[in-house]
Amino acid sequence: MKRSPKTAVYAAAAVLAAAALIFAAMYTGIFKAKPPAASPPTEWSAGGISAEISTGDQPVKALQTGQMTVMLHGLDGRPLEHAELILSIDMLEMKHRLKPVPMAEIAPGEYTADFVPVMNGKWSADVKITYNGETQEAAHPFTVFR
């Protein structure tokens with residue numbers, strides 16, 4: 001089958017137009033992956049203590065400093081001050097564990113600690129809470145991204 005030179009020009013123009021559209025879509029972000037979402041907080045309660053454990057509203061990234069926050073309350077809703085909290089961070093799939101660190105009380109009932117996860121994947125924050133001589137343990141699963 002013989003094509004006319006005009007047909008070849010139209011075909012080449014159509015290919016160039018399609019390539020330009022694909023490039024424009026990629027450049028403007030139409031095909032970009034949706035950014036990762038922060039892990040939701042964990043609500044926990046035991047022994048007269050309730051806690052909300054969170055990595056905040058931004059996703060945690062590998063090899064960057066993240067911050068774990070624990071909001072600690074009594075069952076009456078009042079903040080629990082002067083508790084001792086120890087944070088241990090474990091990577092669930094690889095059995096990596098970061099060195100346990102104490103959490104600092106930065107406001108009544110609000111405790112924080114910084115950490116740096118070494119890899120992306122599924123992690124767990126284990127918080128050991130000691131208050132009035134009793135110790136409880138809570139866990140918060142979260143995901144680390146690249």
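Here, every reference points to the structure presented above.
None of the values given here were measured: they were computed from a predicted structure.

Novice: So what about the pairing of strand β11 (residues 134–145)? Which residues, and what values?
Specialist: Both strand β3 (residues 60–61) and β11 contribute to a ladder of two bridges, which runs parallel. Following the sheet pairing, Lys61 is matched in β11 by Phe145. With eleven bridges joining them, strand β10 (residues 121–131) and β11 adopt antiparallel strand pairing. Bridge assignment links Asp126 to a residue of β11, and that residue is Ala139. Between the antiparallel neighbours β10 and β11 lie two residues, among them Asn132 with a positive phi of about 50°.

Novice: Could you give an account of a nonpolar patch on the surface, naming the residues involved and the relevant values?
Specialist: A grouping of Leu63, Met94, Val116, Val118 and Met119 is seen on the molecular surface, where their side chains present a nonpolar patch of about 430 Å² in accessible area. On the basis of relative accessible area, Met119 is assigned to the partly exposed category, the value being 30%.

Novice: Account for the sheet that holds strand β2 (residues 49–54), naming residues and giving values.
Specialist: The strand order across the open sheet built from five strands is β1-β2-β4-β9-β8, with neighbouring strands paired in antiparallel fashion. Of all the strands in the sheet, the pair left with one neighbour each is β1 (42–46) and β8 (104–107). Between one strand and the next, the sheet's axes are offset by a mean angle of 30°, whatever the strand orientation.

Novice: Before we move on, can you summarise the pattern of salt bridges with the specific residues and values?
Specialist: Within this structure, the stated rule accounts for two salt bridges. In this structure, the salt-bridge partner of Arg78 is Asp76, at a minimum N-O distance of 2.8 Å. By the burial criterion, Arg78 is exposed, and Asp76 matches it.

Novice: I'd like a description of the packing of aromatic side chains, backed by residues and values.
Specialist: Under the counting rule described, the total for this entry stands at one aromatic pair. Aromatic side chains Phe115 and Phe142 sit 5.6 Å apart centroid to centroid with 65° between the ring planes, which places their arrangement in the edge-to-face category. Of this pair, Phe115 sits in strand β9 (residues 110–115) while Phe142 sits in strand β11; the two residues are 27 residues apart in sequence, bridging distant segments of the chain.

Thresholds, definitions, all that
Residues numbered from 1 in each chain as written. Predicted model: local features only at pLDDT ≥ 70, side-chain atom pairs only at ≥ 80, totals over all residues. Heavy atoms only, no water. Pairing = 2+ DSSP bridges. Helix = DSSP H or I, 4+ residues; strand = E, 2+ residues; numbered from the N terminus. Patch = residues over 30% accessible without salt bridge, like charges linked within 9 Å, V, L, I, M, F, W, Y side chains within 5 Å. Areas by Shrake-Rupley, 256 points an atom, 1.4 Å probe, with all protein chains shown as cover. Salt bridge = Lys/Arg side-chain N within 4 Å of Asp/Glu carboxyl O. Buried < 20%, exposed > 50% of the residue type's maximum accessible area, 1.4 Å probe, protein only. Axes fitted to C-alpha atoms, helices over the stretch in contact; angles between N-to-C directions. Phe/Tyr/Trp six-rings, centres within 6.5 Å; stacked < 30°, edge-to-face > 60°.

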